[in-house]
Amino acid sequence: MDLRTTYMGLTLKNPLVISSSPISASEEELQKAVDAGAAAVVMFSLFEEQITKPGAEHPYFPGGEDYAVSPDAYFDLLHKTVARHSIPIIGSLNGVTTDGWITYARNIQDAGAQGLELNIYNVAANPDMTGQEIERRHFDIVRAVKEAVDIPVALKLSPYFSSLGNMIHRLDHLGIDALVLFNRFYQPDFNLVAMEIEPSLALSGPEELRLPLRWIAMTQGTINASLGASTGVQSGAEVVKYLLAGADAVMTASALLQHGPAYVGALIRDLESWMKKNEYESISEFKGIMGQRGVPNPEEFERANYLKVIGRYMKNYLKTD
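Residues numbered from 1 in each chain as written. Predicted model: local features only at pLDDT ≥ 70, side-chain atom pairs only at ≥ 80, totals over all residues. Heavy atoms only, no water.

Peer 1: Honestly, helix α1 (residues 27-35) in this entry has me stumped. Any pointers?
Peer 2: Owing to its 3.6 residues per turn, the α-helix brings residues three or four apart onto one side. Listed as buried for α1 are Leu30, Ala33 and Val34. For α1, the angular spread of the buried residues around the axis is 100°, confining them to a single face. Set apart from the buried face of α1 by more than 90 degrees, the exposed residues are Glu28 and Asp35. In this structure, the buried side of α1 is in contact with β3 (16-18), β4 (40-42), α3 (71-84) and α10 (264-277). Immediately downstream of α1, the backbone of Gly37 shows phi near 120°, a positive value. (Buried < 20%, exposed > 50% of the residue type's maximum accessible area, 1.4 Å probe, protein only. Helix = DSSP H or I, 4+ residues; strand = E, 2+ residues; numbered from the N terminus. Arc of directions from axis to C-beta. Contact = heavy atoms within 4.5 Å.)

In C-alpha cells:
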C-alpha cells in the first residue's frame, strides 16, 4: 500500500504531519510520534518577541519565562532535531517586523530545517486599517521571506478574509510552496472571580473540520501550491475526508496532545484500513476525488449546501413537532 505524498516539494512517506505544538519541544515525545510513523514535523513557533524582549512600556506582554525556550536554544534544538531524524523537520516562525521575518527565517534555514511555515497572527483591531492593507502585509511577508531563503515556504492561513479565494490565488502567484488551511487562533476569556482577562486554549474537535474541508475541496486543482489540512483531526475519518477533498498533507496536534504522540500510528492504521476496505492501493488514486471539480454537483460547496441543510432540518423538525 503506497501512502506517499508530496507536500511543499518534500516527499513524505505518508500524509500525517505533526502540527506546531509542544510535542516538538520534547525529544522524548517527538521520538514517540516519529516511531509511530509521523511523516514530518512542524516545530513549535519561534516568536519574534522572544528575541526583541519588549520593555516596561508593554507590561501586558509575556516575559521570557512564558516561553518554552530562548531563541538560541530554539535554533540549537532545531539543528539537533534535524540531525536525529530522517523525516523532514519544518521550522515555524511568527514574526512582527519585516527585518524579523527575514533574519529569523534565515536562522531557521541555517539550523537545517527542510522547510519553513509562516504563522502570521494579526488581529485587525485598528478601524483605520483597511482589508487591503492587511492583505498587502501578508503578500509583503511572503515575498520577503521567499526572497531570503532557499527552502520551501508554507503559510498557515487564516480564514478571516473578505475574499478568501482571491487571497489564496494571489499568494499562489507569489510562489508560496504550500498553504495550510487554517490557522486556529486562540481567543481570550474572562475570569469572573479575579475579574481579569485570561488566556484560554481549547483543543480542536472534529466539528471544526468543515470550514477547512470546504475550502480545500474548492481550492484543490486550481493552484500550484500544496495544500495542508489543519484542525479537527481526531480520527482516521478526518484524515480520509481531508485527502478526499484534495489535501496533500494532513496535520494534527490536538489528538496527539490528548492521546499521546504515538496516536499518530492509530491514525495511519485507520487510513490504511479505509483504503483496503475501498480497494485503493495508493493515496493518489483517491486524493481530491471529492473536490469541487470532481463531484457531480459542485454547487453544493457554495449556496446550494446552505439551502439543502436548512431544508432538511426544517423537514425533520416539523416531523417531530
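Peer 1: Any chance you could explain the pattern of salt bridges here in plain terms?
Peer 2: Pairing is possible between side chains that carry opposite charge, provided their charged atoms lie close to one another. As enumerated under the stated definition, the model contains eight salt bridges in all. Of the charged contacts, one joins Asp177 and Lys146 as a salt bridge, the two residues approaching to 2.7 Å between their closest N and O atoms. Of this pair, Asp177 sits in the loop between α6 (164-173) and β9 (178-181) while Lys146 sits in helix α5 (residues 131-148), placing them 31 residues apart in sequence. You can call Lys146 partly exposed: its relative accessible area is 25%. Where Asp248 meets Lys287, a salt bridge forms, and the shortest distance between an N and an O atom there is 2.7 Å. Placement of the pair is Asp248 in the loop between α8 (236-245) and β13 (249-252) and Lys287 in the loop between α10 and α11 (303-320), with a sequence separation of 39 residues. (Salt bridge = Lys/Arg side-chain N within 4 Å of Asp/Glu carboxyl O.)

Peer 1: Would you explain the packing of helix α7 (residues 210-219) against α8 in this entry?
Peer 2: The description of two helices packed together rests on the angle between their axes and the distance between the axes. Orientation of α7 relative to α8, taken along the N-to-C sense of each, is 25°, at an axis distance of 8 Å. Accordingly, the angle class assigned to the pair α7 and α8 is roughly parallel. Within the contact between the two elements, α7 uses Pro212, Leu213, Ile216 and Ala217 and α8 uses Lys241, Tyr242 and Ala245. Here the contact of α7 with α8 is built from residues that sort into six nonpolar, no polar and one charged. (Axes fitted to C-alpha atoms, helices over the stretch in contact; angles between N-to-C directions. Parallel < 35°, antiparallel > 145°, perpendicular 65-115°, else oblique. Nonpolar A, V, L, I, M, F, W, Y, C, P; charged D, E, K, R; others polar.)

Peer 1: I would appreciate a short explanation of the pairing of strand β7 (residues 115-119) in the present structure.
Peer 2: The side chains of a regular strand alternate between both faces of the sheet. Most of β7 is tucked away, with five of its five residues classed as buried. What you see with β7 is no split at all: Gly115, Glu117 and Asn119 on one side and Leu116 and Leu118 on the other are buried throughout. Pairing geometry for strand β6 (residues 89-94) and β7, over four bridges, is parallel. The residue bridging Leu93 from the neighbouring strand is Leu118, located in β7. (Pairing = 2+ DSSP bridges.)

Peer 1: I keep staring at the packing of aromatic side chains and nothing clicks. Help me out?
Peer 2: Aromatic ring pairs: the centre-centre distance and the angle between the two ring planes describe each pair. Following the criterion strictly, the structure yields five aromatic pairs and no others. Consider the rings of Trp274 and Tyr280, whose centres lie 5.5 Å apart with planes at 20°: the pair is stacked. Using a relative accessible area of 23% as the deciding quantity, one classes Trp274 as partly exposed. With centroids separated by 5.0 Å and ring planes inclined at 45°, the aromatic side chains of Tyr280 and Phe286 adopt a geometry described as tilted. An aromatic cluster is defined as three or more aromatic residues linked by ring pairs; in this entry it consists of Phe44, Tyr74 and Phe75. (Phe/Tyr/Trp six-rings, centres within 6.5 Å; stacked < 30°, edge-to-face > 60°.)

Peer 1: Help me out: how do you make sense of the confidence of the model for the protein chain in this one?
Peer 2: Note: predicted coordinates in regions of low pLDDT should not be interpreted at a detailed level. In this model, the protein chain carries an average pLDDT of 87, and 83% of its residues clear a pLDDT of 70 or more. Counting interchain partners and residues more than four positions distant, the pLDDT-below-50 stretch residues 54-64 has five contacts. (pLDDT = per-residue confidence, 0-100.)

Peer 1: Would you mind showing me how to read α3 here?
Peer 2: The end-to-end C-alpha separation of α3 is 20 Å, in line with the 20 Å expected for 14 residues at 1.5 Å each. Here α3 has its buried residues at Pro71, Tyr74, Phe75, Leu77, Leu78, Thr81 and Val82. End-on view of α3: buried residues confined to an arc of 160°, all on one side of the axis. Exposed side of α3, more than 90 degrees from the buried face: Asp72 and Ala83 are the residues found there. (Expected span 1.5 Å × (residues − 1).)

Peer 1: Whenever I open this one, the packing of α5 against α6 confuses me. Can you help?
Peer 2: α6 packs onto α5 with a crossing angle of 25° between their chain directions and a minimal axis gap of 10 Å. In terms of orientation, α5 and α6 fall into the roughly parallel class. The chirality of how α5 crosses α6 is right-handed. Only Met167, Arg170 and Leu171 of α6 make contact with α5, whose side of the interface consists of Glu135, His138, Phe139 and Val142. (Left-handed = near helix turned anticlockwise from the far one by under 90°.)

Peer 1: Sorry, what's going on with the side chain of Thr252 here?
Peer 2: The topology assignment puts Thr252 in strand β13. A relative accessible area of 3% places Thr252 in the buried class.

Peer 1: What am I meant to see in a nonpolar patch on the surface here?
Peer 2: Taken together, the side chains of Phe190, Leu192 and Ile197 present a nonpolar region at the surface, about 400 Å² in accessible area. With respect to the element layout, Leu192 can be found in the loop between β10 (189-191) and β11 (196-198). (Patch = residues over 30% accessible without salt bridge, like charges linked within 9 Å, V, L, I, M, F, W, Y side chains within 5 Å. Areas by Shrake-Rupley, 256 points an atom, 1.4 Å probe, with all protein chains shown as cover.)

Peer 1: Please explain the pairing of strand β12 (residues 226-230) as it appears in this structure.
Peer 2: Counting buried positions along β12 gives five out of five residues, so the element sits mostly inside the fold. Of the two faces of β12, both are covered, the one formed by Ser226, Gly228 and Ser230 as well as the one formed by Leu227 and Ala229. As defined by bridge partners, β9 adjoins β12 across four bridges and the pair is classed as parallel. In the sheet register, Ala178 faces β12, and the bridge partner there is Ser226. Pairing analysis gives three bridges linking β12 to β13, with the strands arranged parallel. When the bridges of β13 are listed, Gly228 appears paired with Ala249. In terms of handedness, the path from β12 via α8 over to β13 forms a crossover that is right-handed. (Right-handed = clockwise from strand over helix to strand, strands pointing away.)

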